[in-house]
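Each chain is listed here by its residues.
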Amino acid sequence: MARSTAHLRGEYVMRMSGVPSMLYVGMHRSPARGSQRRSSHYIDVQNAYNQGTTINTLTLNFGFFIEAQPLAWRCSNGVLRNATQVDSTAVTGGATVPATGLGQIPALYAQAYTSATGQHSVVITK
């Protein structure tokens, strides 16, 4: 089972949040811009240029979509930014995946948190 870097970054932040000596944790960089397009319509623009005309880009469907990395970070950050306590969790059973130097680990990782208002949340990565 392949694991995407988006989920691994979310999982890394969750794992680091449970280390008692860790004061701050977050992404050191965000290679993703947040959204991408499926089509640039390069050929449409190039054709308009070659014909010496303009093109109304409002009529073009670029197929915008949200990228996985910032979306995964946004989902986990909604819980992490309000957490005041990391609660003990364990995932047992189910599928496993290979981890370099560790052998097999559970395909799911979960971490529970408590906020200052006593709200309990669980974040699960795959």
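Visitor: How would you explain the overall build of the chain if you had to name every residue and give the values?
Guide: The helix and strand inventory of the chain stands at 3 helices and 7 strands. Element order for the chain, N to C, with α for helix and β for strand: α-β-α-β-α-β-β-β-β-β. Residues classed as buried in the chain amount to 27% of the 126 residues present. A separation of at least 24 residues holds for 57% of the contacts in the chain among residues at least 6 apart in sequence. Counting every atom, the chain has about 9,000 Å² of accessible surface; 56% of that belongs to carbon and sulfur.

Visitor: A description of the nonpolar core should follow, citing residues and the corresponding values.
Guide: Ranked by size, the top nonpolar core spans 6 residues in total: Val-13, Met-14, Leu-80, Tyr-109, Tyr-113 and Val-123. Broken down by secondary-structure element, the contributors of at least two residues to this core are helix H1 (5–17) and strand S6 (109–115). Apart from residues no more than four positions distant in its own chain, Tyr-113 is found in contact with Met-14, Ser-17, Val-79, Leu-80, Ala-83, Gln-85, Val-86, Asp-87, Gln-119, His-120, Ser-121 and Val-123.

Visitor: Which residues make up unusual backbone geometry, and what values go with them?
Guide: We note that His-41 has phi near 55 degrees; this positive angle belongs to a residue other than glycine. Mapped onto the elements of the fold, His-41 is located in the loop between strand S1 (35–36) and helix H2 (42–50).

Visitor: Quick rundown of the sheet that holds S6? Include the residues and the values.
Guide: If you trace the 3 strands from one edge of the open sheet to the other, you get S3-S6-S7, paired in antiparallel fashion. Every other strand in the sheet has two partners, leaving strand S3 (83–87) and strand S7 (120–125) as the edge strands with one partner each. Geometrically, the sheet is characterised by an average inter-axis angle of 30 degrees between neighbouring strands, direction not taken into account. Sheet topology note: the S6/S7 ladder contains 6 bridges and is antiparallel. Note that in S7 the partner of Thr-114 across the bridge is His-120.

Visitor: Describe in detail the pairing of strand S4 (residues 96–99), supporting the description with residues and values.
Guide: Of the two faces of S4, only the one carrying Val-97 and Ala-99 is buried; Thr-96 and Pro-98 on the other face are not. Inspection of the sheet shows S4 paired to strand S5 (residues 103–106) by 4 bridges, in the antiparallel sense. Bridged to Val-97 within S5 is Ile-105. Remark: 3 residues form the turn of the hairpin made by S4 and S5, two consecutive strands paired antiparallel; Gly-101 in that turn has positive phi of roughly 80 degrees.

Visitor: Can you explain the confidence of the model for the chain? Please cite residues and give values.
Guide: The predicted model of the chain averages 80 in pLDDT, with 79% of residues at 70 or higher. The low-confidence segment residues 1–6, where pLDDT is below 50, has 14 contacts with residues more than four positions distant or belonging to other chains.

Visitor: Explain the environment of Asp-87 residue by residue, including any values.
Guide: By the element assignment, Asp-87 lies in strand S3. Each C-alpha atom, one on Asp-87 and one on Gln-111, is 7.1 Å from the other, the two residues being 24 residues apart in sequence. Ignoring any residue separated from it by four or fewer positions in sequence, one finds Asp-87 in contact with Gln-111, Ala-112, Tyr-113, Thr-114 and His-120. A polar atom in the side chain of Asp-87 sits 2.6 Å from the side chain of Thr-114.

Reading the values: the criteria
- Residues numbered from 1 in each chain as written.
- Predicted model: local features only at pLDDT ≥ 70, side-chain atom pairs only at ≥ 80, totals over all residues.
- Heavy atoms only, no water.
- Helix = DSSP H or I, 4+ residues; strand = E, 2+ residues; numbered from the N terminus.
- Buried < 20%, exposed > 50% of the residue type's maximum accessible area, 1.4 Å probe, protein only.
- Contact = heavy atoms within 4.5 Å.
- Areas by Shrake-Rupley, 256 points an atom, 1.4 Å probe, with all protein chains shown as cover.
- Core = buried A, V, L, I, M, F, W, Y, C linked by side-chain atoms within 4.5 Å.
- Pairing = 2+ DSSP bridges.
- Axes fitted to C-alpha atoms, helices over the stretch in contact; angles between N-to-C directions.
- pLDDT = per-residue confidence, 0-100.
- Polar contact = N/O pair within 3.5 Å; in protein donor to acceptor, adjacent residues only side chain to side chain.

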